[in-house]
Amino acid sequence: MGFPGGSLTTLFLTVVLLQVCWPYSQAAERCQGGFGEGQVTLEAGGAELEPGQVLGKVLYTGCPGQETAVLRTDDDDFAVLDDGTIQERKAVKNFPSKRILRRRKREWVAPPIYIPENGKGPFPQRLYQLKSNNDRGTKIFYSITGPGADSPPEGVFTIEKESGWMLLNEPLDREKIAKYELYGHAVSENGASVEEPMNISIIVTDQNDHKPKFTQEVFRGSVLEGALPGTPVMQVTATDEDDAINTYNGVIAYSIHSQEPKDPHDLMFTIHRSTGTISVVSSGLDRERVPEYTLTIQAADMNGDGSTTTAVAMVEILDANDHAPVFDPQKYEAQVPENTVGHEVQQLTVTDLDVPNTPAWRATYHIVGGDDGDYFTISTDPESNQGVLTTKKGLDFEAKTQHTLYVEVTNESPFVVKLATSTATIMVYVEDVNEPPMFIPPSKVVEVQEGILVGEPVCTYTAQDPDKENQKISYHILKDPAGWLTMDPSSGQVTAAGVLDREDERFVKDNIYEVVILATDDGSPPTTGTGTLLLTLIDVNDHGPVPEPRQITICNQDPVPQVLNITDKDLSPHTSPFRAQLTHDSDMHWIADVNEKGDTVILSLKKFLKQDTYDVHLSLFDHGNKEQLTVISATVCDCSGHVNTCPEPWKGAFVLPILGAILALLLLLLVLLLLVRKKRKGKEPLLLPEDDTRDNVFYYGEEGGGEEDQDYDITQLHRGLEARPEVVLRNDVAPTFIPTPMYRLRPANPDEIGNFIVENLKTANSDPTAPPYDSLLVFDYEGSGSDAASLSSLTSSASDKDQDYDYLNEWGSRFKKLADMYGGGEED
C-alpha cells in the first residue's frame, strides 16, 4: 500500500486473536478461528502519521453461526476495527530509515465464552485453556478467581492447575445468573506472578425454558356503549423470564381466544399482537342489551409459536346517554299566593331508561317560555330526580292573575345520538291576599333644625295600600331611640316631643337621626308595612368650646407654657376661631392666649405659686360668641422647666419626726427632774385636787366689732394678735407641746386683703393661744359638789364670815397670798 509524498516506513504489527470456544456438547467438534497470515507487513509514507489514518487490513476467519471475534493489538499507537482494518490512533513520527515493529502472537487474552443454559453434561466440561507465553524454561501454574470460582456460587468453574483448562462443573441457569466475570492468574514455581490478571467473561445463552405469565388472572376494563371501532378498552400484560433481546424465547404475542356472549356477533373486540391493547373492532355495543363481555386472552412466547398461557378480561359496557328523559305527565296546574318568595309551585316527574344516578340519567330542567318577568326558578331534586318549580319573586294578583310556563328537560351529559327533548306545560294561578301598606318612598330624608320646640311639626310621612279595596291605614312610631318624636295615627304627621340634639352621639350618626314608622291597614287579617324616616339635623350654636386636657402640671420656676386643644361639638361657622378669658381672679397668677389659628389655648404661669393644686377658671368663646366656662386643675410643683409629675419630697424627711420625738422625750425627762427637785425643796404636791378651779380661769382680751362694724381696721387685728396674753404653763403636770402657728404678714397689695383675712382666720382657729375676738365665750360646767360656789356668791353675802377660805392653803404657793388674806384674816 503506497502513500503519496515522503519516505516509506514498514510497520510490523502482531494482531492477537481473542480466541472463543463454544462448547455444544462433549461429542461436538470445537471450532477454532484463525488469521489468514501469521505476519502482516504494513508500509506508511510521510514523516508523521495522522490520527485515524488507515494503514491496512488483516484477514480473520471465524466459526460459522457465532458472533464476530474481537481483534486487538497490544500497541497503543494503533487500533484494530472489527473488520480487521488497522488505523493510526495518535500521531507517530517516522524516522528516515525503515522502522520495523515486530509483535509476537500472544495467547494471554481470553475472548468472551458463550455457554448455553441447562447443559446436559457430562461434567466437568472443558471450556477454555489459559496459556502464557512466559512458560519457556519455567513451569507455570494457573488459577481463576471471582464469583462462580472461589466466591459464591463457589465451584461452578474450576481450572486444571498445570494445563490451564477451565472446567464447567454443573448446568447453568441464565434466569439466575446471565454472566460471570472471572480473572485468570499465572504464577511460576516460586509463586511469582508471570502475567497480569486476565479478565474472563462467561456469558450464559438463553433457552426457551419458561412459559409466559399474565400479571393478573382477571383484567377489568370498560367502554361506553355505542363506541366506534378503534376505541381502546384496556391493556393486558404478560411477562416471560426468557431472553427477549437476543432470541425470540421471551417475545410474547397476544390473541383473543374466545368472547362471551357472542352478541351481536362473536368478534366485537380485538387485541394488539405485541402491546396487548384491547380495542373495539365492531359497532353495536348496547348496555341495555349486553352489559358485560368476558374475553379469554392468550399469550404465547417465541412470538406466538411457543408456550402459551391464558387470562380473563372482563369488559363492562358503560351507559351512554342514548335515552332522553320524558315528562310524565306533561301538563300541570298550580295555585300560588301573591307576594310569596321561595314558594314551591309544582314538582315535575320524568322517566329515563338510562342507568340511575349517572350523568346520563340525572335530569336538568329549563324554563323555556312564559316567564318574561323572571318570577320563577326550577331545580333538580338529587334524590327523586324531579324538577321543583318555585317562585323567585313575589307575584302580584293585581297585575297578573295567571302565568303559563313551559319547561324542557335534558340530562347532565349530552345525548350520544340525536334525540327529541320532552316539554311540560304548567298553569300557575295567582291567589289574592291582603297586601301590607307601602311607604312611598321606603326611606324619606327630611332636614330639620336641632333644638326645635316641643310640639313643632317635623314632616308628614304616609303609606299607600296596594290592594284594590280602599282600606284605612293607621300610623305609629316603631323605632325612636331617643324618644324625640311623636306621630299622629291618622294623618301621619310627625312632631317634636323632645329636644333634638345633633351632638348626641348615642342616637345621631353623621348628623342623621333614624326613625322607623309602622303603617297598619284594617284588612282581615291586618297587615303592616314599615318606612324609614331619616332626619338630617341642621346644626345650631348650642355648644361652647371646651379645652383638653383639663388637668395640667407646671413648674413654679421658669415654667413651660401648657398647650390645650380646643374642641367644639358644633359645626362651622359655630366653631373656630376661639377666644379665651380667665375669670374668678385666675388672671392674677395665670395668662391664657389663643394661637394664630384659633384652635388651641396656651396657659402660662404669671406669678410664683407654692407647690399645690389650683383651680384655673378658663372661659372660651367660639366664633358665634358662645361662652363655655371650664375649670382647669393645675398642679404647681417646686421645680424648674418642664415636668410631668411633681418630684417626690426628700426621702430623709422621716428622720425629722424621730429627732423631734427624741428631743421631746429628753425635754420631758428634764421637766420631770425639775419637778422632783422642786418637790423635795418645797414639798408641794405634784398634782392638784380633782376639781381644780384653776382650769376654769379664762383670759379676756379685746372684743371685736359687732355686725354693724363693716369698716375693718387692720391695725386692730395686728394689735390683737400681738396683745394676746402670755401662756403660763403649769409646773405640776407635764406640758403639752403645740407648734407655734405661722401668721401671714399684712400684704402690700390691697387686692390681697381678702386672702389675708381668710388665711389668718384659719390659722387663728387652730391656735389655742389666740384671743377669742368676736366669739362666744363658753364656760365649762364645774360638776356637782364642786367646792367652788357660784360667782354670784361674791356679792350675795353680807360678809366673808360664812366663807371658808382655808382650802386656799392647799392650792400651792401661787394662792398663798389669797390664803393669808382670807383664810387667816380674822386672827390677824
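Before going into details, it helps to say that this report is about the structure given with it. All figures in this text were calculated on a predicted structure; none of them were measured in a lab. (Residues numbered from 1 in each chain as written. Predicted model: local features only at pLDDT ≥ 70, side-chain atom pairs only at ≥ 80, totals over all residues. Heavy atoms only, no water.)

### Some remarks on the overall build of the chain
Looking only at helices and strands, one finds five helices and 53 strands in the chain. When each of the 828 residues of the chain is scored for burial, the buried share is 35%. For the chain, restricting intrachain contacts to residue pairs at least 6 apart in sequence, the fraction spanning at least 24 positions comes to 66%. In the structure as shown, the chain presents an accessible area of about 50,000 Å², 52% of it carried by carbon and sulfur atoms. (Helix = DSSP H or I, 4+ residues; strand = E, 2+ residues; numbered from the N terminus. Buried < 20%, exposed > 50% of the residue type's maximum accessible area, 1.4 Å probe, protein only. Contact = heavy atoms within 4.5 Å. Areas by Shrake-Rupley, 256 points an atom, 1.4 Å probe, with all protein chains shown as cover.)

### Here's the deal with the side chain of Asn411
In this structure, Asn411 sits in strand β35 (residues 402-411). What makes Asn411 buried here is its relative accessible area of 7%. In this structure the side chain of Asn411 is engaged in a polar contact, spanning 3.2 Å, whose partner is the backbone oxygen of Ala360. Discounting residues that sit within four places of it in the chain, Asn411 has contacts with Asn321, His323, Ala324, Pro325, Asp352, Pro359, Ala360, Trp361, Arg362, Ala363 and Thr364. (Polar contact = N/O pair within 3.5 Å; in protein donor to acceptor, adjacent residues only side chain to side chain.)

### Let's talk about unusual backbone geometry
The phi torsion of most residues other than glycine is negative, and most of the peptide bonds are trans. Here Asp263 and Pro264 are connected by a cis peptide whose omega angle stands at 5°. Examined against the element boundaries, Pro264 turns out to sit in the loop between β23 (253-260) and β24 (269-271). Across the junction of Glu548 and Pro549, the peptide omega takes the value 0°, indicating a cis bond. In this structure, Asn118 is a non-glycine residue whose phi angle is positive, near 60°.

### A few points about the nonpolar core
Ranked by internal contacts, the top residues of the largest apolar core, which has 25 residues, are Phe214, Phe269, Ile278, Leu285 and Val315. Elements with a contribution of two residues or more to this core: β20 (218-224), β21 (232-235), β24, β25 (277-280), β26 (292-300) and β27 (308-318). (Core = buried A, V, L, I, M, F, W, Y, C linked by side-chain atoms within 4.5 Å.)

### Quick word on a nonpolar patch on the surface
Together, Val655, Leu656, Ile658, Leu659, Ile662, Leu663, Leu665, Leu666, Leu668, Leu669 and Leu672 make up a nonpolar patch on the protein surface, roughly 990 Å² of accessible area in all. Among the structural elements, Leu663 can be located in helix α1 (residues 655-682). (Patch = residues over 30% accessible without salt bridge, like charges linked within 9 Å, V, L, I, M, F, W, Y side chains within 5 Å. Salt bridge = Lys/Arg side-chain N within 4 Å of Asp/Glu carboxyl O.)

### Digging into the side chain of Ser619
As for its position among the elements, Ser619 is in strand β52 (residues 612-621). Of the residues examined, Ser619 reaches a relative accessible area of 1% and is grouped as buried. Separated by 3.1 Å, the side chains of Ser619 and Glu627 make a polar contact. In this structure Ser619 touches Arg579, Ala580, Gln581, Thr583, Glu627, Gln628 and Leu629, once residues within four positions along its chain are discounted.

### Structural notes on the sheet that holds strand β41 (residues 473-479)
The strand order across the open sheet built from four strands is β38-β45-β44-β41, with neighbouring strands paired in mixed fashion. Edge strands, defined here as strands with exactly one partner in the open sheet, are β38 (443-449) and β41. If you compare each strand with its neighbour and ignore which way they point, the axes differ by 30° on average. The pairing of β38 with strand β45 (residues 528-538) spans seven bridges and is parallel. The residue bridging Val448 from the neighbouring strand is Leu537, located in β45. (Pairing = 2+ DSSP bridges. Axes fitted to C-alpha atoms, helices over the stretch in contact; angles between N-to-C directions.)

### Quick notes on the sheet that holds strand β13 (residues 125-129)
Think of a sheet as strands paired side by side through backbone hydrogen bonds, with each pair either parallel or antiparallel. Pairing is antiparallel in the open sheet, where three strands are placed in the order β13-β16-β15. Looking along the sheet, the strands with just one partner apiece sit at the ends: β13 and β15 (157-159). The mean angle between the axes of side-by-side strands here comes to 30°, regardless of whether they run parallel or antiparallel.

### Some remarks on the state of the cysteines
Enumeration according to the criterion identifies two disulfides in this entry. The disulfide partner of Cys555 is Cys639, and the gap between their sulfur atoms is 1.9 Å. Disulfide Cys555 to Cys639: torsion about the S-S bond roughly -100°, handedness left-handed. In this pair, Cys555 is assigned in strand β47 (residues 551-559) and Cys639 in strand β53 (residues 627-641), connecting sequence segments 84 residues apart. (Disulfide = S-S within 2.5 Å.)

### Focus: the pattern of salt bridges
Side chains carrying opposite charge are able to pair once their charged atoms draw close together. Across all of its chains, the model carries 14 salt bridges by this definition. Salt-bridge contacts for Glu162 lead to Lys139; the nearest nitrogen and oxygen are separated by 3.4 Å. One end of the pair, Glu162, is in the loop between β15 and β16 (165-168); the other, Lys139, is in the loop between β13 and β14 (141-145), and 23 residues separate them in sequence. Residue Asp206 is joined to Arg174 by a salt bridge in which the shortest nitrogen-to-oxygen separation is 3.0 Å. You can see Asp206 sitting in the loop between β18 (198-205) and β19 (213-214) and its partner Arg174 sitting in the loop between β16 and β17 (179-187), a full 32 residues away along the chain. Residue classification places Asp206 among the buried positions, given a relative accessible area of 11%.

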